[in-house]
Amino acid sequence: MTAHQPRTRISAWRPSVAGIAEVFHAHFADHAYPLHTHDTWDLMILDDGSVDFAVDRRRHEAADAGTVILLPPGVPHDGKTVKPSGFRKRVLYLDTCVLPERLTGAAVDRPIHGDGLLRRRIHQLHRVLAHSGDQFEAESRLTFVRERLLFHLHASQVKTPGREAGRIAAALRELLDSRIHAGVSLNEAATILHAHPTHLIRCFRQTYGMPPHTYLTGRRIDRARRLLLAGKRPADVATAVGFYDQAHLNRHFTRHLSVTPARYAALHDRRATGNVRRLRQADQKERWFPVKTTTAQDSWIGSGRSRRGRTFPNDA
């Protein structure tokens, strides 16, 4: 009886995030890549198993689940499974606008990085890229992945926020407030405010205690709540406040309030229904009786209401 062999599973897509040409997830049971090249950077995190590969005719083996592998564009490389269980990997194919080709030599010299911070940043980026509509967050996370890679390639220049942090953060907050529906890309914000993207995010976090994408999402949720309680449909609310679609709204709304937008909107419906029910019950309790007046026309006196619907004090 032969042991069960895991099946090969692959998923791939092109996200709408500048600089990322493709996202590729795979579980290879028994596979060998032939020698080939890419015109992009190949940024891989190994989730399980072992892989043997060569870069520029030098062989390497990665067997740590925390391993990050960076392969430069234009350099021949291959890859193959080492164990019968295969390996699982997640890959980002990055354009040369993210990392310049001049860093190829440094990447060939050291393609494997056992950096927990870098791996965590890449993992968080993959998690965001799995959903549509979070481009601003994805751009923010990508810029910090890039910064860490530049550190390993000896090309990093990290700037710590100084006295200018509050001014830059306030300017970015004002920009985000003016673009709640339309949104803004990180590169556009950096151009408008004349600041490097990572420095822009650091200034905002230092000043307000959260990254700018978190602030923008919160502002959109606030607007969505008001519209839902005003009786608007969740699908209409999603696009009205800048979310990609209703599913995008549902995901963030539920994370913020532990309830779906539809259930939140039902609070408005239940309250309106309750008000109507109470009015009907009050009407049923009205007791109308005629009394004589000094005029020839009878008046009707009840629990505070006239026949024509005008309200009077009960003790009048």
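Conventions used here
Residues numbered from 1 in each chain as written. Predicted model: local features only at pLDDT ≥ 70, side-chain atom pairs only at ≥ 80, totals over all residues. Heavy atoms only, no water. Helix = DSSP H or I, 4+ residues; strand = E, 2+ residues; numbered from the N terminus. Axes fitted to C-alpha atoms, helices over the stretch in contact; angles between N-to-C directions. Parallel < 35°, antiparallel > 145°, perpendicular 65-115°, else oblique. Contact = heavy atoms within 4.5 Å. Pairing = 2+ DSSP bridges. Salt bridge = Lys/Arg side-chain N within 4 Å of Asp/Glu carboxyl O. Phe/Tyr/Trp six-rings, centres within 6.5 Å; stacked < 30°, edge-to-face > 60°. Lys NZ or Arg CZ within 6 Å of the ring centre and 35° of its normal. pLDDT = per-residue confidence, 0-100. Buried < 20%, exposed > 50% of the residue type's maximum accessible area, 1.4 Å probe, protein only. Polar contact = N/O pair within 3.5 Å; in protein donor to acceptor, adjacent residues only side chain to side chain. Core = buried A, V, L, I, M, F, W, Y, C linked by side-chain atoms within 4.5 Å.

**Focus on unusual backbone geometry**
Okay, so step 1: With a phi close to 60°, His154 is a non-glycine residue in the positive phi region.
Okay, so step 2: The topology assignment puts His154 in the loop between α3 (135–152) and α4 (165–178).
Okay, so step 3: Phi is positive for His194, which is not a glycine, with a value near 55°.

**Structural notes on the packing of helix α7 (residues 212–229) against helix α9 (residues 246–257)**
Okay, so step 1: At a minimum axis distance of 10 Å, the contact between α7 and α9 shows a crossing angle of 95°. Comparing the axis directions of α7 and α9 gives the class roughly perpendicular. Side by side, α7 and α9 meet where Thr217, Gly218, Ile221, Ala224, Arg225 and Leu228 of the first sit next to Leu249, His252, Phe253, His256 and Leu257 of the second.

**Some details on the pairing of strand β1 (residues 9–13)**
Okay, so step 1: Here β1 pairs with strand β2 (residues 20–28) via five bridges, running antiparallel. Directly across from Ser11, in β2, lies its bridge partner His25.
Okay, so step 2: Taken together, β1 and the strand that follows it, β2, pair antiparallel across an intervening segment of six residues, in which Gly19 is found at a positive phi of about 100°.

**Regarding the sheet that holds strand β4 (residues 41–49)**
Okay, so step 1: Taken in spatial order, the six strands make up an open sheet running β1-β2-β9-β4-β7-β10, and their pairing is antiparallel. A single partner strand is all that each edge strand has here, and the edge strands are β1 and β10 (112–113).
Okay, so step 2: Bridge count for strand β7 (residues 68–71) against β10 is two bridges, and the pairing is antiparallel. From the neighbouring strand, Ile69 faces β10, where its bridge partner is Ile112.
Okay, so step 3: Along the sheet face, helix α2 (residues 116–129) touches β1, β2, β4, β7 and β9 (87–94) and points at about 80° away from the line of β9.

**Thoughts on the pattern of salt bridges**
Okay, so step 1: Inspection of the entire model under this criterion finds 13 salt bridges.
Okay, so step 2: Counted as one network, the salt bridges with shared partners bring together Asp47, Arg90 and Arg119.

**Section: the packing of aromatic side chains**
Okay, so step 1: Tallying each qualifying case throughout the model produces five aromatic pairs.
Okay, so step 2: An aromatic cluster is built from Phe28, Tyr33 and Phe87, whose rings are joined through pairwise contacts.
Okay, so step 3: The ring of Tyr208 is capped by Arg173, whose NZ or CZ atom sits 4.9 Å from the centre of that ring.

**Quick look at the confidence of the model for the protein**
Okay, so step 1: For the protein, mean pLDDT is 85; residues scoring 70 or higher make up 83% of the total.
Okay, so step 2: In the predicted structure, residues 275–283 sits below a pLDDT of 50 and forms zero contacts with residues beyond four places in sequence or in another chain.
Okay, so step 3: Contacts of residues 285–316 to residues separated by more than four positions or lying in other chains number 31 contacts, the stretch itself having pLDDT below 50.

**Topic: the environment of His36**
Okay, so step 1: Relative to the elements of secondary structure, His36 occurs in strand β3 (residues 32–36).
Okay, so step 2: Judged by relative accessible area, His36 falls into the partly exposed class, the value being 22%.
Okay, so step 3: C-alpha of His36 to C-alpha of His77: the two residues are 41 residues apart in sequence and 5.7 Å apart in space.
Okay, so step 4: Non-local contacts of His36, meaning those with residues more than four positions away in its chain, are made with Val75, Pro76 and His77.
Okay, so step 5: A distance of 2.7 Å separates the side chain of His36 from the backbone oxygen of Pro34, its partner in a polar contact.
Okay, so step 6: Here His38 takes part through its side chain, which lies 3.3 Å from a polar atom of the side chain of His36.

**What about the nonpolar core?**
Okay, so step 1: With 25 residues, the main nonpolar core has Ile20, Leu43, Leu92 and Leu94 as its most contacted residues.
Okay, so step 2: Where this core is concerned, the elements lending two or more residues are β2, β4, β7, β9, α2 and α3.
Okay, so step 3: Those residues in contact with Leu92 that lie beyond four places of it in its chain are Ile20, Glu22, Val23, Trp41, Asp42, Leu43, Ile122, Leu125, His126 and Leu129.
Okay, so step 4: Ranked by size, the runner-up nonpolar core spans 21 residues in total, among them Phe136, Ala169, Leu176 and Leu216.

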